[in-house]
Amino acid sequence: MTTQLPEGLSRIFEPELKSLLEEQAHYIEMEKGDVLLDQGAFITHIPIVIDGRLKVSQLDEDGRELFLYYIDPLESCVMTYTCCDGEARSKIRAMAEMQSSVMLLPKESLERLMAFKSWRNFVMNAFRDRFSELIDALNSIAFTQLDERLLKYLKEKAGNGTRIQTTHQEIAEDLNSSREVISRLLKQLESQGKVLLGRNRIDLLF
């Protein structure tokens, strides 16, 4: 059974590659909180987000979560490419940040896909973007105060909008902090006129 390739991808891939993708791909719908790939699991598919957003994070030995980056529409998870050869296990967790549509390609198709220049460009651009984001995250952890990291995090989480549906606990987990500290910083930001706090929501005013 073939599927129609999304327009955003159809524009950047050559016809032969588009036909291959339409033959190989299948689509899933995810609700917020659904886990697409868990840490330690075997990787069976390469995901490309069609609509919505996935959050990629890593868990330490105590189960604490460290946020790494988001996968937005027409983007893929580069970590899955690194584990497609052999039986390597995933080192990350990919979870739906909101209701999302995801295209899945079987990992066995990667070798055929890499024969196409437009796919190689797609993969290299994904690696470049994710590497840049990880460098920014490392610099933020090493050199930036938590209040500045929180502002940057809120802006990224909001995307193009101004309202975030989340809890203080979820933010604390993403920033590897405590709920009490995050709540105190959010109250400070509200007093500065930068955010407006509500029940499980934050409106950005900056």
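Placed above this text is the structure.
Residues numbered from 1 in each chain as written. Predicted model: local features only at pLDDT ≥ 70, side-chain atom pairs only at ≥ 80, totals over all residues. Heavy atoms only, no water.

Asker: I keep staring at the packing of aromatic side chains and nothing clicks. Help me out?
Answerer: The geometry of an aromatic ring pair is captured by two quantities: the separation of the ring centres and the angle between the planes. According to the stated counting rule, one finds seven aromatic pairs in the structure shown. Here Phe67 and Tyr70 contribute two aromatic rings whose centre-to-centre distance is 4.7 Å and whose plane-to-plane angle is 50°, an arrangement assigned as tilted. With respect to class, Phe67 is no different from Tyr70; both count as buried. For the ring pair Tyr81 and Phe127, a centre distance of 6.1 Å and an interplane angle of 40° mean the geometry is tilted. Taken together, the residues span a long stretch of sequence, with Tyr81 in helix H3 (residues 78-82) and Phe127 in helix H5 (residues 117-143) at a distance of 46 residues. We classify Tyr81 as buried; its relative accessible area is 9%. (Phe/Tyr/Trp six-rings, centres within 6.5 Å; stacked < 30°, edge-to-face > 60°. Buried < 20%, exposed > 50% of the residue type's maximum accessible area, 1.4 Å probe, protein only. Helix = DSSP H or I, 4+ residues; strand = E, 2+ residues; numbered from the N terminus.)

Asker: It is not clear to me how the pattern of salt bridges should be interpreted in this structure. Could you clarify?
Answerer: Charged atoms that come close allow side chains of opposite charge to pair. In this structure the tally under the stated criterion is 14 salt bridges. Across the pair Lys187 and Glu190 runs a salt bridge whose closest N-O atoms are separated by 3.9 Å. With Lys187 and Glu190 both in helix H8 (residues 179-191) and three residues apart, the pair spans about one turn of that helix. The class for Lys187 is exposed, based on a relative accessible area of 51%. Put simply, Lys55, Glu65 and Asp174 are held in one network by salt bridges that share partners. (Salt bridge = Lys/Arg side-chain N within 4 Å of Asp/Glu carboxyl O.)

Asker: Can you help me understand the environment of Leu104 in this one?
Answerer: Looking at where Leu104 falls in the secondary structure, it is placed in strand E7 (residues 100-106). Separated by 83 residues in the primary sequence, Leu104 and Leu21 have C-alpha atoms spaced 9.7 Å apart.

Asker: Please clarify how a nonpolar patch on the surface should be interpreted in this entry.
Answerer: Among the surface-exposed residues, Phe131, Ile135 and Leu138 lie close enough to one another that they form a single nonpolar patch of about 320 Å² accessible area. Structurally, the position occupied by Leu138 is in helix H5. Given a relative accessible area of 56%, Leu138 falls into the exposed group. (Patch = residues over 30% accessible without salt bridge, like charges linked within 9 Å, V, L, I, M, F, W, Y side chains within 5 Å. Areas by Shrake-Rupley, 256 points an atom, 1.4 Å probe, with all protein chains shown as cover.)

Asker: Would you explain the sheet that holds strand E4 (residues 54-59) in this entry?
Answerer: Across a sheet, paired strands are connected by hydrogen bonds in the backbone, their directions being either parallel or antiparallel. Reading across from one edge, E2-E6-E4-E5 is the order of the four strands in this open sheet, with antiparallel pairing throughout. Strand pairing shows two members of the sheet lacking a second neighbour, strand E2 (35-37) and strand E5 (65-71), which therefore form its edges. Looking at each pair of strands side by side, their axes are set apart by 30° on average, direction ignored. (Pairing = 2+ DSSP bridges. Axes fitted to C-alpha atoms, helices over the stretch in contact; angles between N-to-C directions.)

Asker: Mind showing me how you'd approach helix H6 (residues 146-158) here?
Answerer: For an α-helix the count is 3.6 residues per turn, leaving residues at separations of three or four pointing the same way. Look at H6: 18 Å from first C-alpha to last across 13 residues, which is about the 18 Å you get at 1.5 Å a residue. Looking at H6, one finds that the buried residues are Arg149, Leu150, Leu151, Tyr153, Leu154, Lys157 and Ala158. Once H6 ends, the next one or two residues include Gly159, with phi positive near 65°. (Expected span 1.5 Å × (residues − 1).)

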